[in-house]
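# Observations on the model geometry
Chain by chain, the residues run as shown.
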Amino acid sequence: VQGTQRVRLDGFAQTEPYLVARVSPLPFREPSGMETEALTRTLKAVYREVVALSDELPDELAAGAERLADPRVLAYLVAATAPLPVTAAQDLLETDDGSLLLRRLVELLQHELAVLRMKQRIAKETAEHIGQAQREHLLREQLRTIQRELGEGEPGGAEVRELRERAARTPFSPEARKEVERELG
């Protein structure tokens, strides 16, 4: 279903067996001029970036928006598909000035684009941090393995080293020195 005109609900003519409403048309000031062209191009460019960065929006939306020539149709397509707060979308639907609608949409999408870029940067930094932490863990494990292979990481290894140093400084008889070296390995 696609709307063809904006209307105001004036009341209900009947409620049974189905609703029939009394409506009156709502005026809409169509945007025109160079400012409209600039706003339309800007809206298309920002929307294209939002679609590219968003996981929820298919790429075809940006291509479809690019082909639209009518600024009002473009604005309503973007408002209906962009990840906007409900209150903002409602405000856009209530706007009766085409230029104001385009301007407000550009502002909302630029905000959304900034949020998406920050989200992307945070995800990248987090992945880098996790990668760095994993690398550090792997290197620590490799270092422990090398130390064990060299006998430096064995339990009591520091004590044995200290005893060897003290034994080297202590004067022993030849038999006693031989026994100390045998005991210290």
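Residues numbered from 1 in each chain as written. Predicted model: local features only at pLDDT ≥ 70, side-chain atom pairs only at ≥ 80, totals over all residues. Heavy atoms only, no water.

Here we come to the overall build of the protein. A tally of regular secondary structure across the protein gives 7 helices and 2 strands. Counting from the amino terminus, helix and strand elements in the protein follow one another as β-β-α-α-α-α-α-α-α. For 185 residues, the compact-globule estimate of 2.2 N^0.38 gives 16 Å, and the C-alpha radius of gyration of the protein, at 37 Å, exceeds that figure by more than 25%. C-alpha extents for the protein along the principal axes are approximately 120 × 50 × 25 Å. Counting the 185 residues in the protein, one finds 24% classified as buried. Taking the intrachain contacts of the protein between residues at least 6 apart in sequence as the baseline, contacts between residues at least 24 apart amount to 53%. Considering the protein, the positive charge centre built from 26 side chains and the negative charge centre built from 32 side chains are found 3 Å apart. (Helix = DSSP H or I, 4+ residues; strand = E, 2+ residues; numbered from the N terminus. Rg over C-alpha atoms; globule rule 2.2 N^0.38 Å. Buried < 20%, exposed > 50% of the residue type's maximum accessible area, 1.4 Å probe, protein only. Contact = heavy atoms within 4.5 Å. Lys, Arg positive; Asp, Glu negative; His and termini not counted. Charge placed at Lys NZ, Arg CZ, Asp CG, Glu CD.)

Here helix H5 (residues 98–150) is 53 residues long and its end C-alpha atoms lie 77 Å apart, about the 78 Å a rise of 1.5 Å per residue gives. Those residues of H5 that fall on the buried side of the exposure criterion are Gly-98, Ser-99, Leu-101, Leu-102, Leu-105, Val-106, Leu-108, Leu-109, Glu-112, Leu-113, Leu-116 and Gly-131. Looking at the buried side of H5, the elements it contacts are helix H1 (34–53), helix H3 (71–81) and helix H4 (86–94). Between a side-chain oxygen at the N-terminus of H5 and the backbone nitrogen of Ser-99 the separation is 2.9 Å; the capping residue is Asp-97. (Expected span 1.5 Å × (residues − 1). Polar contact = N/O pair within 3.5 Å; in protein donor to acceptor, adjacent residues only side chain to side chain.)

Inspection of the entire model under this criterion finds 1 aromatic pair. Relative to Tyr-76, the ring of Phe-28 lies with its centre 6.4 Å away and its plane at 50°, an arrangement referred to as tilted. Residue Phe-28 is found in the loop between strand E2 (20–25) and H1, and its partner Tyr-76 is found in helix H3; the two are separated by 48 residues along the sequence. (Phe/Tyr/Trp six-rings, centres within 6.5 Å; stacked < 30°, edge-to-face > 60°.)

This brings us to the nonpolar core. As a rule of thumb, nonpolar side chains are buried together in soluble globular proteins. By size, the foremost hydrophobic cluster in this structure holds 27 residues, and its most contacted members are Leu-43, Tyr-47, Val-78, Leu-105 and Leu-109. Those elements giving two or more residues to this core turn out to be H1, helix H2 (59–67), H3, H4 and H5. Top contributing element to this core by residue count: H5, with 8 residues. Those residues in contact with Leu-109 that lie beyond four places of it in its chain are Leu-43, Val-46, Tyr-47, Val-50, Val-78, Ala-82 and Leu-84. (Core = buried A, V, L, I, M, F, W, Y, C linked by side-chain atoms within 4.5 Å.)

Let's shift gears to the pattern of salt bridges. Within the structure shown, the criterion is met by 14 salt bridges. Put simply, Arg-144 and Glu-141 hold a salt bridge, and the shortest N to O gap is 2.4 Å. With Arg-144 and Glu-141 both in helix H5 and 3 residues apart, the pair spans about one turn of that helix. Residue class for Arg-144 comes out partly exposed when judged on its relative accessible area of 39%. A salt bridge links Glu-179 to Arg-182; the shortest N-O distance between them is 2.5 Å. Linking Glu-179 with Arg-182, this pair stays in helix H7 (residues 174–184), spanning 3 residues, or about one helical turn. Overall, Arg-182 belongs to the exposed group, its relative accessible area being 54%. The network of salt bridges with shared partners includes Arg-29, Asp-96 and Asp-97. (Salt bridge = Lys/Arg side-chain N within 4 Å of Asp/Glu carboxyl O.)

The quantities given are spatial measurements derived from coordinates; they are silent on function.
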